[in-house]
Amino acid sequence: MALLITDKCTNCDMCLPECPNEAISVGADIYVIDPALCTECVGHYDTPTCQKVCPITNCIKTDPNHIESDEQLWERFVLIHHSDQL
């Protein structure tokens with residue numbers, strides 16, 4: 001499942017440097033998460049780091065348009081970080 005930053009975002013810049021996949025970027029009004037890069041921190045951390053550091057409750061949540069299994073998230077992690085070894 002990719003994550004989604006809601007319109008509660010205040011652009012505080014806490015999540016941007018925390019994403020190990022560089023899936024978070026500056027959008028038109030708020031930060032956005034690229035679902036093609038988001039692994040919910042699978043392969044890096046036990047829980048999504050962006051959610052941990054976000055000071056706004058429920059600002060970053062599961063994107064209902066990008067529901068994926070743990071296996072799919074692991075596959076994406078491998079493709080992003082270890083494609084040279086495949």
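Data block above holds the structure.
These numbers were taken from a predicted model, which means no experiment stands behind them.

Conventions and cut-offs
Here, residues in each chain are numbered from 1, in the same order as that chain's written sequence. Local features in this predicted model are restricted to residues whose pLDDT is 70 or higher, and side-chain atom pairs enter the listing and the counts only when it is 80 or higher, whereas totals over whole chains, interfaces and linings include all residues. To get the side-chain values, all heavy atoms of the structure are used, and hydrogens and water are removed first. Runs of E in the DSSP output that reach at least two residues are strands. Runs of H or I that reach at least four are helices, and both are numbered from the N terminus. What qualifies as a polar contact is a pair of N or O atoms within 3.5 Å, subject to a donor-acceptor requirement within protein and to the restriction that residues adjacent in sequence count only when both atoms come from side chains. Residue contacts are defined here by distance: any two heavy atoms, one from each residue, within 4.5 Å place the two residues in contact. To estimate the expected span of a helix, subtract one from its residue number and multiply by 1.5 Å. Relative accessible area decides the class of each residue, using a 1.4 Å probe on protein chains only: under 20% of the type maximum gives buried, over 50% gives exposed, and in between gives partly exposed. Picture the helix axis, draw a direction to every C-beta atom, and the arc is the one those directions span. In plain words, nonpolar cores are sets of buried Ala, Val, Leu, Ile, Met, Phe, Trp, Tyr and Cys residues tied together by side-chain atoms within 4.5 Å. Paired rings are identified among Phe, Tyr and Trp, the last through its six-membered ring, by centres lying within 6.5 Å, and are further divided according to the angle between planes into stacked (under 30 degrees), edge-to-face (over 60) and tilted (the rest).

Draft legend 1. Molecular detail of the side chain of asparagine 21. Its location among the elements puts asparagine 21 in the loop between strand E1 (3-5) and strand E2 (24-26). Of the polar contacts made by the side chain of asparagine 21, one reaches the side chain of histidine 81; its length is 2.5 Å. With sequence-adjacent residues up to four places away left out, asparagine 21 is seen in contact with Leu37, Cys38, Thr39, His44, Ile80 and His81.

Draft legend 2. Representation of helix H2 (residues 70-82) in the model. For H2, which comprises 13 residues, the first-to-last C-alpha distance of 17 Å matches the rise-based estimate of 18 Å (1.5 Å per residue) to within 8%. Taken together, the buried positions of H2 are Leu73, Arg76 and Phe77. One side of H2 holds all its buried residues, which, seen down the axis, span an arc of 105°. Facing away from the buried side of H2, by more than 90 degrees, are the exposed residues Glu71 and Leu79.

Draft legend 3. How the structure looks around the nonpolar core. Formed by 16 residues in total, the largest nonpolar core has its most connected members in Ile5, Cys15, Ile24, Ile33 and Ile60. Mapped by element, the contributors of at least two residues to this core are E1 and strand E3 (31-33). Sequence-distant contacts of cysteine 15, that is, excluding residues within four places in its chain, are made with Ile5, Ile24, Tyr31, Cys50, Val53 and Ile60.

Draft legend 4. Looking closely at the packing of aromatic side chains. According to the stated counting rule, one finds 1 aromatic pair in the structure shown. Ring geometry for tryptophan 74 and phenylalanine 77: centres 5.6 Å apart, planes at 90°, overall edge-to-face. Here the residue tryptophan 74 and the residue phenylalanine 77 both occupy positions in helix H2, the gap between them amounting to 3 residues, near one helical turn. Overall, tryptophan 74 belongs to the partly exposed group, its relative accessible area being 45%. Judged by its relative accessible area of 10%, phenylalanine 77 is buried.

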